[in-house]
Amino acid sequence: NYARRVKYATCKRFGVEKEKIRLMLWAVLLTAAVGMLLCAGGDFYLQYIRRDVRKFTKGIVLFGLGQLCNIAAQLQLAAFHWSAAAALAGLLTLAIALKGIGQWNTSANDPWLTIYTVLVATTAAKSLSTAIVLTGTAGGILLGAGGLLFFLSDMVLGIWNYQKPHILLADLNWLLYFAGQ
């Protein structure tokens, strides 16, 4: 009985026919799983952040591809909503301000780092937007919080790597990162 009610609510919310709901959910899970695998590869190369620019750049590219999968999975869950554009504008403004104020020299990793920053901000904005669209659901709240925390962890990592390599920033980065996961 519970499974039937969940399927009915999902069909109603997403406008998907009852027969296609299982396929839609599998597509979301598969897309998200591929994104997680790509990000795991990015995590491997993150260890080279200050030791090998080429390897670190490979990690940035893998993270970027993972973010594309995350965006695709989220678009399958909820269509584009105006709140995503507003959140994206705010997050990109924050990223640009941090880079400008801190005078980050990211030339060794550009254009990949810039592309990745836009993608991770887009993922976070879509997560926040999906949380708004799915208001009141535990999944929506967790998705919104996770996307925002992951974006913030990357901004703290940028401060640590390009501006101030303080151990407390590294610790804050890990706290935000793991909480976002």
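Preceding this section is the structure that the text describes.
Source: prediction; values computed, not measured. (Residues numbered from 1 in each chain as written. Predicted model: local features only at pLDDT ≥ 70, side-chain atom pairs only at ≥ 80, totals over all residues. Heavy atoms only, no water.)

Q: Which parts of the structure should I look at to understand the packing of helix H4 (residues 82-102) against helix H5 (residues 112-133)?
A: Helix packing for two helices is described by the angle between their axes and how far apart those axes are. Between H4 and H5, the least distance of the axes is 8 Å, while the angle of their chain directions is 140°. For the element pair H4 / H5, the angle class is oblique. Here H4 runs over H5; the crossing is right-handed. Mapping the contact onto sequence places Ser83, Ala84, Ala87, Leu88, Leu91, Leu92, Ala95 and Lys99 in H4 and Thr114, Thr117, Val118, Ala121, Thr122, Ala124, Ala125, Leu128, Ser129 and Ile132 in H5. Here the contact of H4 with H5 is composed, by residue class, of twelve nonpolar, five polar and one charged. (Axes fitted to C-alpha atoms, helices over the stretch in contact; angles between N-to-C directions. Helix = DSSP H or I, 4+ residues; strand = E, 2+ residues; numbered from the N terminus. Parallel < 35°, antiparallel > 145°, perpendicular 65-115°, else oblique. Left-handed = near helix turned anticlockwise from the far one by under 90°. Contact = heavy atoms within 4.5 Å. Nonpolar A, V, L, I, M, F, W, Y, C, P; charged D, E, K, R; others polar.)

Q: What exactly am I supposed to notice about unusual backbone geometry here?
A: Most peptide bonds adopt trans geometry, and most residues besides glycine take a negative phi value. For the bond from Asp110 to Pro111, the omega torsion is 10°, close enough to zero to count as cis. When you line up the elements, Pro111 lands in the loop between H4 and H5. For Gln103, which is not a glycine, the phi torsion comes out positive at approximately 50°. For Gln103, the position within the fold is in the loop between H4 and H5. What makes Gln103 exposed here is its relative accessible area of 67%. (Buried < 20%, exposed > 50% of the residue type's maximum accessible area, 1.4 Å probe, protein only.)

Q: Help me out: how do you make sense of the packing of aromatic side chains in this one?
A: Centre-to-centre distance and the angle between the planes together describe a pair of aromatic rings. For the structure shown, the criterion picks out nine aromatic pairs. Between Tyr45 and Tyr48, the ring centres sit 6.3 Å apart and the planes meet at 40°, which makes this aromatic pair tilted. Seen from their ring centres, Phe63 and Tyr116 are 6.0 Å apart, and the 45° between their planes marks the pair as tilted. A residue pair is termed long-range when its members are at least 10 positions apart, and Phe63 in helix H3 (residues 53-77) and Tyr116 in helix H5 qualify at 53 residues. An identical accessibility class is assigned to Phe63 and Tyr116; each is buried. Here the aromatic cluster, defined as three or more aromatic residues joined through ring pairs, consists of Phe150, Trp174, Tyr177 and Phe178. In this arrangement the basic side chain of Arg50 is found over the ring face of Trp160, its NZ or CZ atom lying 4.3 Å from the centre. (Phe/Tyr/Trp six-rings, centres within 6.5 Å; stacked < 30°, edge-to-face > 60°. Lys NZ or Arg CZ within 6 Å of the ring centre and 35° of its normal.)

Q: Looking at this structure, how should I read the nonpolar core?
A: One recurring pattern in soluble globular proteins is that nonpolar side chains are buried together. In this structure, Ile49, Phe56, Leu91, Tyr116, Phe151 and Trp160 are the most contacted members of the largest nonpolar core, which totals 28 residues. Counting only elements with at least two residues in this core, the list comes to helix H2 (21-46), H3, H4, H5, helix H6 (138-162) and helix H7 (167-180). In this view, Leu91 contacts Ala121, Ala124, Ala125, Leu148 and Phe151; residues no more than four positions away in its chain are not counted. (Core = buried A, V, L, I, M, F, W, Y, C linked by side-chain atoms within 4.5 Å.)

Q: Even after reading the chapter, I still don't get the pattern of salt bridges, so can you show me in this structure?
A: Once the charged atoms of two side chains with opposite charge are near each other, the side chains can pair. Under the criterion given, the structure shown has one salt bridge. Asp110 is paired through a salt bridge with Lys99; the nearest N and O atoms lie 3.9 Å apart. Within this pair, whereas Asp110 is found in the loop between H4 and H5, its partner Lys99 is found in helix H4, the two being separated by eleven residues in sequence. Here Asp110 falls in the partly exposed class, since its relative accessible area comes to 29%. Relative accessible area serves as the criterion here: at 31%, Lys99 is assigned to the partly exposed category. (Salt bridge = Lys/Arg side-chain N within 4 Å of Asp/Glu carboxyl O.)

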